[in-house]
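If you want the building blocks of each chain, they are given just below.
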Amino acid sequence: EAQVTQNPRYLITVTGKKLTVTCSQNMNHEYMSWYRQDPGLGLRQIYYSMNVEVTDKGDVPEGYKVSRKEKRNFPLILESPSPNQTSLYFCASSTRGAVTDTQYFGPGTRLTVL
Amino acid sequence: GENVEQHPSTLSVQEGDSAVIKCTYSDSASNYFPWYKQELGKGPQLIIDIRSNVGEKKDQRIAVTLNKTAKHFSLHITETQPEDSAVYFCAAVMGGGADGLTFGKGTHLIIQP
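Note that residues are indexed from 1 along each chain, following the sequence as it is written. To read the labels, note that chains go from A and ligands from 1, taken in the order they are written. It should be noted that, the model being predicted, local features are given only for residues of pLDDT at least 70 and side-chain atom pairs only at 80 or more, the latter also being counted only at that level, while totals for whole chains, interfaces and linings use all residues. Only hydrogens and water are removed before side-chain values are computed, so all heavy atoms of the structure are retained for them.

Undergrad: Just checking my understanding: could you explain the interface of chain B and chain A for this structure?
TA: A common way to state how big an interface is: give the accessible area lost once the parts meet. Any two residues whose heavy atoms approach within 4.5 Å are treated as being in contact. Counting residues at the interface gives 22 residues for chain B, matched by 21 residues for chain A. When two parts are brought into contact, each loses some accessible area as probed by a 1.4 Å sphere; the total of that loss over both is the buried area. Contact between chain B and chain A buries roughly 1600 Å² in total, counting both sides, with carbon and sulfur atoms accounting for 57%. Definition used for salt bridges: Asp or Glu carboxyl oxygen within 4 Å of a side-chain nitrogen of Lys or Arg. Our count for the chain B to chain A interface comes out at 0 salt bridges. In the analysis that follows, any N or O atom pair within 3.5 Å is treated as a polar contact, provided that within protein one partner can donate a hydrogen and the other can accept it, and provided that, for residues neighboring in sequence, both atoms belong to side chains. Inspection of the region where chain B meets chain A yields 3 residue pairs in polar contact (both at pLDDT 80 or more). In this count, Pro and Cys sit with the nonpolar residues alongside Ala, Val, Leu, Ile, Met, Phe, Trp and Tyr, while Asp, Glu, Lys and Arg are called charged and the others, Gly among them, polar. Here the side of chain B that touches chain A is composed, by residue class, of 9 nonpolar, 8 polar and 5 charged.

Undergrad: Hey, could you run me through the state of the cysteines in this one?
TA: Residues and elements named next belong to chain A. A pair of sulfur atoms, both from cysteines and within 2.5 Å, is called a disulfide here. Tallied over the entire structure, the rule returns 2 disulfides over all chains. Note on cysteine connectivity: cysteine 23 is disulfide-linked to cysteine 91, with sulfurs 1.8 Å apart. Residues cysteine 23 and cysteine 91 share a disulfide whose torsion about the S-S bond is about -70°; that sign makes it left-handed. One end of the pair, cysteine 23, is in strand 3 (residues 19-25); the other, cysteine 91, is in strand 9 (residues 87-94), with 68 residues separating them in the sequence. In terms of burial, cysteine 23 and cysteine 91 fall into one category: buried. What counts as a helix is a DSSP run of H or I of at least four residues, what counts as a strand is a run of E of at least two, and both are numbered from the N terminus. Throughout this description, buried means an accessible area under 20% of the type-specific maximum (1.4 Å probe, protein chains only), exposed means over 50%, and partly exposed covers the range between.

Undergrad: Hey, could you run me through the pairing of strand 11 (residues 109-113) of chain A in this one?
TA: Across a regular strand the side chains alternate sides, sitting on one face of the sheet and then on the other. Residues and elements named next belong to chain A. In strand 11, alternate side chains face the same way, and those of Thr109, Leu111 and Val113 are buried while those of Arg110 and Thr112 on the opposite face are not. A pair of strands is treated as paired once DSSP finds two or more bridges between them. In the sheet, strand 2 (residues 10-13) pairs with strand 11 via 4 bridges, with the strands oriented parallel. Counted as the bridge partner of threonine 13 is valine 113 from strand 11. Examined bridge by bridge, strand 9 and strand 11 share 3 bridges and lie antiparallel to one another. Residue pairing for strand 11: serine 87 is matched across the bridge by leucine 111.

Undergrad: I'm lost on the sheet that holds strand 8 (residues 72-77) of chain B in this one. Help?
TA: Sheet strands pair via backbone hydrogen bonds, and the direction of the pair is either parallel or antiparallel. All names here are of chain B. Spatially, the 5 strands line up as an open sheet ordered 1-3-8-7-6, and their pairing is antiparallel. A single partner strand is all that each edge strand has here, and the edge strands are strand 1 (4-7) and strand 6 (56-59). Between one strand axis and the next, the sheet turns through 15° on average, direction left out of account. Pairing between strand 7 (residues 62-67) and strand 8: 6 bridges, direction antiparallel. Across the sheet, the residue bridging to isoleucine 62 is isoleucine 77, located in strand 8. To obtain an axis, a line is fitted to C-alpha atoms, over the contacting stretch when the element is a helix, and the angle between two such axes runs from 0 to 180 degrees between their N-to-C directions.

Undergrad: Honestly, the nonpolar core in this entry has me stumped. Any pointers?
TA: Most often, soluble globular proteins keep nonpolar side chains buried together rather than apart. Within the largest apolar cluster, 23 residues are counted, with the highest numbers of intra-cluster contacts made by Trp35, Phe73, Leu75 and Leu109 of chain B. Secondary-structure elements contributing two or more residues to this core are strand 2 (10-14), strand 3 (19-25), strand 4 (32-38), strand 5 (45-51), strand 7, strand 8, strand 9 (86-92) and strand 11 (107-112) of chain B. We define a nonpolar core as any set of buried Ala, Val, Leu, Ile, Met, Phe, Trp, Tyr and Cys residues linked to one another through side-chain atoms lying within 4.5 Å. The next biggest cluster of nonpolar side chains, apart from the first, holds 19 residues, and it includes Leu19, Val66, Leu76 and Leu111 of chain A.

Undergrad: I would appreciate a short explanation of the environment of valine 64 of chain B in the present structure.
TA: Mapped onto the elements, valine 64 of chain B comes out in strand 7. The sequence separation of valine 64 of chain B and isoleucine 48 of chain B amounts to 16 residues, and the corresponding C-alpha distance is 7.4 Å.

Undergrad: Help me understand the environment of serine 74 of chain B, please; the structure alone is not making it clear to me.
TA: Residues and elements named next belong to chain B. Positionally, serine 74 belongs in strand 8. Take serine 74: its relative accessible area is 6%, and that puts it in the buried class. Distance in space between the C-alpha atoms of serine 74 and arginine 51 is 13 Å, their sequence separation being 23 residues. Sequence-distant contacts of serine 74, defined by excluding residues within four places in its chain, comprise Val20, Ile21, Lys22, Trp35, Ala63, Val64 and Thr65.

Undergrad: Just checking my understanding: could you explain the sheet that holds strand 7 (residues 65-66) of chain A for this structure?
TA: Residue and element names in this part refer to chain A. Spatial ordering of the open sheet is given by 1-3-8-7, a layout of 4 strands whose pairing is antiparallel. In this open sheet, the two edge strands, each paired with only one partner strand, are strand 1 (4-7) and strand 7. Direction of pairing for strand 7 relative to strand 8 (residues 76-78): antiparallel, over a ladder of 2 bridges. When the sheet's bridge partners are listed, valine 66 is paired in strand 8 with leucine 76.

Undergrad: Hey, could you run me through the pattern of salt bridges in this one?
TA: Once their charged atoms are close, side chains differing in charge can pair, the charge on each being opposite to the other. Residue and element names in this part refer to chain A. Tallied over the entire structure, the rule returns 9 salt bridges over all chains. Two residues, arginine 36 and aspartate 38, come together in a salt bridge whose shortest N-O distance is 2.8 Å. For arginine 36, a relative accessible area of 9% puts it in the buried group. Aspartate 38 is paired through a salt bridge with arginine 44; the nearest N and O atoms lie 2.8 Å apart. On the accessibility criterion, aspartate 38 (10% relative accessible area) is buried. A residue is classified by how much of its surface remains accessible, and arginine 44, at 25% relative accessible area, is partly exposed. Residues participating in the shared-partner salt-bridge network are Arg36, Asp38 and Arg44.

Next comes the structure, spelled out in structure tokens:
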């Protein structure tokens, strides 16, 4: 089954404790991205990757890092989480150079930073 | 960058009636306009999309219209059913570029029995 998986689905942590949210897709998609969803603000792109070893900032990249060492994986790293990063996070993937193609979203990771 | 406005934020309709959600965008270079449905506890799922060379597209009870001159597009759902209750997001992007989708803030559609 074609899918995007994220782990963990729920995470409660404390300020400053480094964490990683994993994202994996099995559709051989080149393009992957991370979004955060906040009430009243909709979905905003954090980082994206056009292909392996190619990443770039989205609209709200501050406080986040990503890596793309393999095509299928695109982890989101919070080196020093802060309470304003409490949010619902979604990973998405689509075919290369074709943001116009269907973007498949993962199930989401709800992060709470205390 | 692109800016997408979506209205209304909440829409309540009687089961069987039609629902219309409207979006406007700012970047005239945008040429791809998808609509996503998000059910509680799940990620957004594409339900229909339209490209700028098309004015209208229909898929069963769902249709999308696009007015490039006015830079607005709309989602129409006819004969609404309880399973249509969800949050709907519109989005816009310039196809072929690296930028991600710019989303509207969402519309919570409530179908009243």
